[in-house]
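# A structural walkthrough
Now for the letters of each chain:
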Amino acid sequence: MEFFLDTGIIAEIKEAVSLGIIDGVTTNPSLIAKTGRKQEDVIREISEIVDGPISAEVIALDLDGMIKEGEELAKIHKNVVIKLPLTEAGIAACAHFTKKGIKTNVTLCFSMNQALLAAKAGATYISPFIGRLDDIGHNGNDLIAEIRQMYDNYGFKTKILAASIRHSAHVREVALIGADVGTMPLSVIKSLYKHPLTTNGLEAFLADHKKANTK
Ligand code: E4P
């Protein structure tokens, strides 16, 4: 499973890259707003730090507007992936960019049928939001499993990008189901390293080493 970092904060991206396990970055308008900077500037700076897919989302709601914005975003760097909302215009824009060989990430997916539409339009990635489904009492992981089965039934090449990951259990579950990518905040990535038996075991090893070397 590939790991994408879900943020627009440059310091977090630099820290995550130094961990050696990051394959790409996703942003959305809320994450860009938190930086207080222009999307174009943030995406350009990320492209200088990360050698992998970087999702940048369009703001327009109409097809022409999405195509115009997407074309501008794609000019920033070859790794930029155009993020489009799962609407009629978003799917049509996805089909347009697919024909032009520009990578796409169809976002705000909350049902298997929506994921089917994205695959039909040749999306590079589909982003089902599992945490937001959990928030309303559904099970986000069930959606990942349904999409996995449906894509495998038909051999769709669209990659399942599990999004809105909130904790380490989400990572474990989507990895077991077979999501192609998980995008998550730095705090979630850091939580994956932790296990009390690792901490306690290391403390014991170091204490024994110290005892043996202070005789
Ligand atoms: C990523 O592409 C999504 O925009 C993001 O994972 C949403 O996460 P949230 O539901 O925690 O805001």
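Residues numbered from 1 in each chain as written. Predicted model: local features only at pLDDT ≥ 70, side-chain atom pairs only at ≥ 80, totals over all residues. Heavy atoms only, no water.

Under an unreviewed UniProt entry, the name given to the protein chain is Probable transaldolase, and the organism recorded is Bacteriovorax stolpii. UniProt annotates the protein chain under Subcellular location (unreviewed entry) with the comment "Cytoplasm". Within the UniProt record for the protein chain, the comment given under Function (unreviewed entry) is "Transaldolase is important for the balance of metabolites in the pentose-phosphate pathway." (UniProt positions renumbered as here; feature names shortened; annotations may be inferred.)

Taken together, the residues surrounding the ligand are Asp6, Thr26, Asn28, Lys83, Phe129, Arg132, Ala163, Ser164, Arg166 and Thr183. Residue Lys83 places a side-chain N or O atom 2.6 Å away from an oxygen atom belonging to the ligand. Arg132 is positioned with one of its side-chain polar atoms (N or O) 2.6 Å from an oxygen atom of the ligand. In terms of residue class, the shell around the ligand is made up of two nonpolar, four polar and four charged. (Near = heavy atom within 4 Å. Polar contact = N/O pair within 3.5 Å; in protein donor to acceptor, adjacent residues only side chain to side chain. Nonpolar A, V, L, I, M, F, W, Y, C, P; charged D, E, K, R; others polar.)

Our focus in this paragraph is the packing of aromatic side chains. A full pass over the atoms with the stated rule returns four aromatic pairs. Considering the side-chain rings of Phe4 and Tyr125, the 5.8 Å spacing of their centres and the 70 degrees angle between planes classify their relative orientation as edge-to-face. Residue Phe4 is found in strand β1 (residues 2–6), and its partner Tyr125 is found in strand β6 (residues 125–128); the two are separated by 121 residues along the sequence. Just as Phe4 is buried, Tyr125 falls in that class too. Relative to Phe129, the ring of Phe110 lies with its centre 5.6 Å away and its plane at 65 degrees, an arrangement referred to as edge-to-face. Pair noted here: Phe110 is in the loop between β5 (104–109) and α6 (112–120) and Phe129 is in the loop between β6 and α7 (130–135), with a separation of 19 residues, a long-range link. Put simply, the rings of Tyr151, Tyr154 and Phe156 pair up and form one aromatic cluster. (Phe/Tyr/Trp six-rings, centres within 6.5 Å; stacked < 30°, edge-to-face > 60°. Helix = DSSP H or I, 4+ residues; strand = E, 2+ residues; numbered from the N terminus. Buried < 20%, exposed > 50% of the residue type's maximum accessible area, 1.4 Å probe, protein only.)

The subject of this paragraph is the pattern of salt bridges. As enumerated under the stated definition, the model contains 11 salt bridges in all. The residue Glu40 makes a salt bridge to Arg44 at a minimum N-O spacing of 3.3 Å. Of this pair, Glu40 and Arg44 both sit in helix α3 (residues 39–49), four residues apart, which is roughly one turn of that helix. For Glu40, a relative accessible area of 36% translates into the label partly exposed. Linked through salt bridges whose partners overlap, the residues forming this network are Arg148, Asp152 and Asp180. (Salt bridge = Lys/Arg side-chain N within 4 Å of Asp/Glu carboxyl O.)

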